[in-house]
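Chain and residue survey
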Amino acid sequence: MSDLKPLTALGDASARTVTHGVLTLKENNALALVSLALRRDSPEPTPFGLGLPGPGLWASSGSIAALWTGPGQWLLEAPGRAESDFAAEAAAACPGCSVTEQTDGFAAFEVRSAAGEEPILALMAKLVNLDSARFGPGTATRTGLEHMSVFVIRRAADRLAVIGMRSAAGTLWHALETTAARLAEPRA
Amino acid sequence: MLIPHPLLGPRDAQEFTYLGDAALLNRPDGMAADAQAAFNDYVYLRDNPAGVHRELWFHEQGDRSWVVVTRNTVTHEILGAELARDVALAAKAGAA
Amino acid sequence: MKFSGLRVFTEALRGHKGWKPLWRDPDPQPAYDYVIVGGGGHGLATAYYLATTFRKAKVAVLEKGWLGSGNIGRNTTIIRSNYLLPDNEPFYEFSMKLWEGLEQEFNFNAMVSQRGIVNLIHTDAQRDAYRRRGNAMLLAGADAELLDREQVRVMIPFLNFDNARFPIKGGLLQRRAGTARHDGVAWGYARGADMVGVDLIQNCEVTGFRIENGRVKGLETTRGHIGAGKVGVAVAGSTGRVMAGAGMRLPIESHVLQAFVSEGLKPTIPGVITFGAGHFYVSQSDKGGLVFGGDIDGYNSYAQRGNLPVVEDVAEGGMALMPMIGRARLLRIWGGIMDMSMDGSPIIDRTPVDGLYLNAGWCYGGFKATPASGYAFAHLLATDTPHDTARAYRLDRFQRGYVIDEKGVGAQPNLH
């Protein structure tokens with residue numbers, strides 16, 4: 001019997017975390033992801049009691065969250081359940097919809113600020129071309145970050161999540177960490 | 001350039017990829033008698049106007065919507081944007 | 001007025017008071033045998049070869065601005081004949097041979113400099129593709145050499161050979177390629193055409209065609225009606241706009257391409273370097289400026305200026321290829337309008353209107369073609385048969401299924 005050990009998207013045995021100044025980056029390797037798409041003329045479900053958010057928005061309820069990814073399409077998030085078959089549960093909760101397992105296609109990174117929203121806005125200003133005035137808590141979108149396509153979620157004023165292609169996890173982490181480190185350098 | 005996405009508001013044009021003239025939505029009938037000539041026009045010929053141009057952009061680094069953007073090719077001013085899906089459905093309803 | 005060393009010497013002794021304008025500035029006559037629309041490189045070259053080589057006839061060139069105000073004055077001056085397809089390579093090699101004799105031909109210093117071009121190779125597949133292209137060039141009588149990594153390093157040691165994504169594995173070299181002074185080319189052809197009696201009419205915009213019974217009779221212009229036996233249109237990015245006046249829709253979209261030049265530096269770059277994988281190419285002008293560019297912006301445009309994202313993209317490509325370019329300060333950025341065709345190759349052909357001929361679809365590669373384009377277009381105008389090297393450049397090739405698609409991307413002009 002092979003002695004197989006699971007690795008995270010960054011290739012480590014456990015989730016990587018690093019702090020630069022007031023910003024802490026953490027790999028969220030336990031986040032289960034499922035995509036949800038309506039079929040033509042199918043009604044909008046309320047999976048696990050969660051009202052699905054409208055364009056550009058993110059909503060959470062209990063242990064489940066969802067972000068709008070396109071017309072009639074969402075990404076469901078289930079923190080801590082990457083190693084369970086969340087897709088099967090979601091499919092059962094969304095009858096008549098197209099539900100696809102996405103967990104291992106993506107890598108998720110959580111950014112937390114210890115000093116309110118300013119550091120989060122400063123990080124966004126360096127990395128993504130989004131209007132921070134229109135990207136408050138409860139919003140989410142796909143955008144470009146150093147030529148990579150990523151989902152960005154403003155979970156709270158002091159929290160930002162970036163979900164990118166798993167095959168580019170290292171590059172994405174490098175972009176996030178380099179920027180956070182530069183922001184932490186004392187201003188001349 | 002900022003494209004005023006009908007659902008998401010103004011977004012950087014870099015998030016989009018460009019296809020071309022919105023006339024590409026009007027695919028000819030492949031079974032019609034003049035299909036060969038019609039497809040030559042459809043695939044290869046363009047109005048290529050200097051001025052207002054309706055064109056298809058795909059929000060690839062975004063919500064993956066096709067958007068019909070009205071833009072001035074002389075000034076790069078963007079005059080409006082609609083979901084291509086809405087444009088196509090309206091055309092279909094109009095034709096029916 | 002013939003230029004010579006003796007003439008320069010005697011003028012120096014006389015305080016340079018004997019120099020005259022290189023061409024006249026005539027008013028349009030009521031009618032000409034041939035009218036060329038477009039006073040850029042291709043239009044002037046067409047008029048030159050028509051009047052000197054093919055026909056004794058009344059010829060005029062109409063230009064809406066000043067001579068050479070479009071793409072002939074906006075390009076990055078590269079001349080080369082390194083194409084793959086048999087419909088293209090003989091034409092561009094013919095152009096290369098015309099470049100080699102150009103200055104003697106029209107007695108004007110066009111600063112043709114055969115300093116070589118290297119297309120960089122980053123993968124085994126790319127090496128195979130360039131080996132095939134090099135063989136295709138040799139078959140058409142051009143020169144080509146496949147370089148390995150160390151040969152490239154000896155020639156251009158300052159590149160980043162160990163870029164993680166695009167390490168340099170070799171290159172395809174064409175030694176006879178190089179650069180030419182773009183304005184000098186326009187001026188040389190203009191002067192040569194003027195000397196044999198061609199009227200170069202500036203500030204004369206074509207606003208419409210007079211077409212009777214399917215045959216062109218003349219042109220409506222901002223300087224009045226001008227009768228014409230035959231009309232040749234060579235207006236690059238304005239092709240759609242001008243030909244709409246003859247009721248034609250064409251397999252062409254107009255796109256903007258940006259170009260860049262740095263401050264003058266000491267001699268750094270020996271020839272032309274292209275980094276296709278990173279959308280970047282660079283050479284150094286005789287004044288010392290690094291002349292570089294990348295891809296077209298990618299959307300229809302007639303604006304002669306581009307947007308910042310492509311500036312960033314080109315800068316990233318430059319930094320990835322030759323990090324020392326980061327120390328050079330950018331002097332100017334500008335844009336030109338490209339007549340992007342549906343297969344990336346040009347059109348030199350008759351049109352459905354008798355007496356109306358089209359020279360267009362040069363995409364971002366028209367400068368190197370200037371001599372051959374003018375020669376072949378003049379040949380077509382004079383004899384009504386295509387020049388041997390330009391037989392494939394037909395307007396109806398799309399309908400017939402004979403596209404000449406070097407890149408193999410299909411009818412998507414912004415990807416060629």
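Above this text sits the structure in question.
Here's a quick rundown of the structure. Predicted model, so just to flag it, every value in this text is computed and none were measured.

Across its full length, chain B holds two helices and six strands. Along its sequence from the N terminus, chain B presents helices and strands in the succession β-β-β-α-β-β-β-α. The principal-axis extent of the C-alpha atoms belonging to chain B is close to 45 × 30 × 25 Å. The buried share among the 96 residues of chain B stands at 49%. Contacts in chain B between residues at least 24 apart in sequence constitute 47% of all its contacts with a sequence separation of at least 6. About 4,800 Å² of surface is accessible on chain B, with carbon and sulfur atoms providing 55% of the total.

A few words on the overall build of chain A. Assigned secondary structure in chain A consists of three helices and 11 strands. Along chain A, helices (α) and strands (β) appear in the sequence β-β-β-β-β-β-α-β-β-α-β-β-β-α when read from the amino end. Taking the principal axes of the C-alpha coordinates as reference, chain A spans close to 60 × 55 × 30 Å. Expressed as a percentage of the 188 residues in chain A, the buried residues total 45%. Entry remark: accessible area of chain A is about 9,200 Å², with carbon and sulfur atoms responsible for 51%. Taking the average place of the 16 positive charges on the side chains of chain A and the average place of its 19 negative ones, the gap between the two points comes to 3 Å.

Moving on: the side chain of Lys368 of chain C. Residues and elements named next belong to chain C. Here Lys368 lies in helix H9 (residues 366-383). Here Lys368 sits buried without a salt bridge, and the closest side chain of opposite charge, Glu89, lies 9.7 Å off (N-O distance). Of note is the side chain of Lys368, whose polar atom sits 2.8 Å from the side chain of Tyr83. Apart from the residues lying within four places of it in its own chain, the contact partners of Lys368 are Ile78, Ile79, Arg80, Tyr83, Tyr92, Ser95 and Trp99.

All names here are of chain C. With 50 residues, the main nonpolar core has Tyr49, Phe91, Tyr189 and Ile348 as its most contacted residues. Secondary structure elements with two or more residues in this core: strand E1 (31-37), helix H2 (41-54), strand E2 (59-62), helix H3 (89-106), helix H6 (182-195) and H9. Of the residues forming this core, the biggest block, 10 residues, is contributed by H9. Among all residues touching Ile348, those that are not within four sequence positions of it are Phe91, Leu358, Asn359, Trp362, Ser373, Ala376, Phe377, Leu380, Ala390 and Tyr393.

This part is about the packing of aromatic side chains. Residues and elements named next belong to chain C. As enumerated under the stated definition, the model contains 28 aromatic pairs over all chains in all. Considering the side-chain rings of Tyr83 and Tyr92, the 4.0 Å spacing of their centres and the 5 degrees angle between planes classify their relative orientation as stacked. For the pair shown, Tyr83 and Tyr92 are each scored as buried. Members of the aromatic cluster, connected to one another through ring pairs, are Phe3, Trp19, Tyr48, Tyr49, Phe54, Phe94, Phe106, Phe108, Tyr189 and Tyr375.

In this section: the sheet that holds strand E5 (residues 64-70) of chain A. Residue and element names in this part refer to chain A. Spatially, five strands are ordered E4-E5-E6-E3-E7 in an open sheet, and the strand pairing comes out antiparallel. Strands at the two margins of the open sheet, each flanked by one partner only, are strand E4 (58-61) and strand E7 (98-101). Taking each pair of neighbouring strands and ignoring which way they run, the sheet shows an average axis angle of 25 degrees. Two strands pair when backbone bridges link them, and E5 and strand E6 (residues 73-78) are joined in this way by five bridges, in the antiparallel orientation. Paired with Leu67 across the bridge in E6 is Leu75.

Here we come to a nonpolar patch on the surface. Taken together, Leu6, Phe9 and Leu13 of chain C make up a surface patch of nonpolar side chains, about 380 Å² in accessible area. Looking at the secondary structure, you find Leu13 of chain C in helix H1 (residues 5-13).

Attention shifts here to the pairing of strand E1 (residues 2-5) of chain B. Residues Ile3 and His5 of chain B line the buried face of E1 of chain B, whereas the alternating positions Leu2 and Pro4 of chain B sit on a face that is not buried. The turn linking E1 of chain B back onto strand E2 (residues 9-12) of chain B is made up of three residues.

This part covers the pattern of salt bridges. Enumeration according to the criterion identifies 31 salt bridges over all chains in this entry. In this structure, Glu89 of chain A engages Arg81 of chain A in a salt bridge whose closest nitrogen and oxygen atoms are separated by 2.4 Å. Overall, Glu89 of chain A belongs to the partly exposed group, its relative accessible area being 33%. Across the pair Arg394 of chain C and Asp349 of chain C runs a salt bridge whose closest N-O atoms are separated by 2.9 Å. Within this pair, whereas Arg394 of chain C is found in the loop between H9 and helix H10 (397-400), its partner Asp349 of chain C is found in strand E17 (residues 347-350), the two being separated by 45 residues in sequence.

On to the environment of Phe3 of chain C, then. Residues and elements named next belong to chain C. On the secondary structure map, Phe3 appears in the segment before H1. Residue Phe3 is classed as partly exposed on the basis of its relative accessible area, which comes to 24%. The spacing of Phe3 and Ala110 is 107 residues in sequence and 13 Å in space, taken between C-alpha atoms. The residues touching Phe3, leaving out its near neighbours within four places in the chain, are Trp19, Leu22, Asn107, Phe108 and Arg191.

Before going further, it helps to spend a moment on the environment of Gly134 of chain C. Residue and element names in this part refer to chain C. Relative to the assigned elements, Gly134 resides in helix H4 (residues 124-139). Along the primary structure Gly134 and Thr389 are separated by 255 residues, whereas in three dimensions their C-alpha atoms are 19 Å apart. When sequence neighbours within four positions are dropped, the list of residues in contact with Gly134 reads Ala144 and Leu172.

Rules used throughout
Residues numbered from 1 in each chain as written. Chains lettered and ligands numbered in written order. Predicted model: local features only at pLDDT ≥ 70, side-chain atom pairs only at ≥ 80, totals over all residues. Heavy atoms only, no water. Helix = DSSP H or I, 4+ residues; strand = E, 2+ residues; numbered from the N terminus. Buried < 20%, exposed > 50% of the residue type's maximum accessible area, 1.4 Å probe, protein only. Contact = heavy atoms within 4.5 Å. Areas by Shrake-Rupley, 256 points an atom, 1.4 Å probe, with all protein chains shown as cover. Lys, Arg positive; Asp, Glu negative; His and termini not counted. Charge placed at Lys NZ, Arg CZ, Asp CG, Glu CD. Salt bridge = Lys/Arg side-chain N within 4 Å of Asp/Glu carboxyl O. Polar contact = N/O pair within 3.5 Å; in protein donor to acceptor, adjacent residues only side chain to side chain. Core = buried A, V, L, I, M, F, W, Y, C linked by side-chain atoms within 4.5 Å. Phe/Tyr/Trp six-rings, centres within 6.5 Å; stacked < 30°, edge-to-face > 60°. Pairing = 2+ DSSP bridges. Axes fitted to C-alpha atoms, helices over the stretch in contact; angles between N-to-C directions. Patch = residues over 30% accessible without salt bridge, like charges linked within 9 Å, V, L, I, M, F, W, Y side chains within 5 Å.

Honestly, that's just the spatial picture; any functional story needs more than this.
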